[in-house]
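Spelled out, the chains give:
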Amino acid sequence: MRHLCYVYINDYKCLKDVEIIIDSRYDYKFDRKSRTVDITDKKGYPAGFWSENIYSLTGIVGNNGAGKSTVMEFLLDNLIEGSPYESKGDIFIYKDDRGLYYIGDNITVMYNDKVIRLQED
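What you see is a predicted model; the values in this text were computed from it and never measured. (Residues numbered from 1 in each chain as written. Predicted model: local features only at pLDDT ≥ 70, side-chain atom pairs only at ≥ 80, totals over all residues. Heavy atoms only, no water.)

Got a sec to walk through the pairing of strand 1 (residues 3-12)? Specific residues and values, please.
Burial runs high along strand 1: 7 of the 10 residues are buried. Of the pairings in the sheet, the one linking strand 1 to strand 5 (residues 91-96) comprises 5 bridges and is antiparallel in character. Bridge assignment links Val 7 to a residue of strand 5, and that residue is Phe 92. In the sheet, strand 1 pairs with strand 2 (residues 15-21) via 6 bridges, with the strands oriented antiparallel. Looking at strand 2, one finds that Tyr 6 is bridged to Ile 21. Taking the residues that link successive antiparallel strands as the turn, the strand 1-strand 2 hairpin has 2 residues, and the phi of Lys 13 there is positive, at about 50 degrees. (Buried < 20%, exposed > 50% of the residue type's maximum accessible area, 1.4 Å probe, protein only. Helix = DSSP H or I, 4+ residues; strand = E, 2+ residues; numbered from the N terminus. Pairing = 2+ DSSP bridges.)

I'd like a description of the packing of aromatic side chains, backed by residues and values.
Inspection of the entire model under this criterion finds 7 aromatic pairs. Relative to Tyr 111, the ring of Tyr 26 lies with its centre 5.8 Å away and its plane at 85 degrees, an arrangement referred to as edge-to-face. Linking Tyr 26 in strand 3 (residues 26-31) with Tyr 111 in strand 7 (residues 108-111), this pair joins segments that are 85 residues apart in sequence. Classification of Tyr 26 as buried rests on a relative accessible area of 5%. Residue classification places Tyr 111 among the partly exposed positions, given a relative accessible area of 23%. (Phe/Tyr/Trp six-rings, centres within 6.5 Å; stacked < 30°, edge-to-face > 60°.)

Quick look at the structure:
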């Protein structure tokens, strides 16, 4: 099973320099200057908290005009195959059964002090 963990939006419509944490099992630190994302396991995260069938639970909430719909448009524009939108400086980190991977240009992603791989095709 593949799921999205973290998204960094560099510049999309009204969204600029926005980090979205989707999987709260990890702590994420993005250093914009060095373009490095540091991921560590969150201490004290309760294993099996959501039962066996639910991996993680996330909500996007905010006032009218906060950008919730724009975030969803951004995800669809970037993650739907064949979309004409070209990502410029955005970062996507996801997990599947084999581990953590990322999509992004000119970045380094570390997980527990080890470099993780770019998305495999």
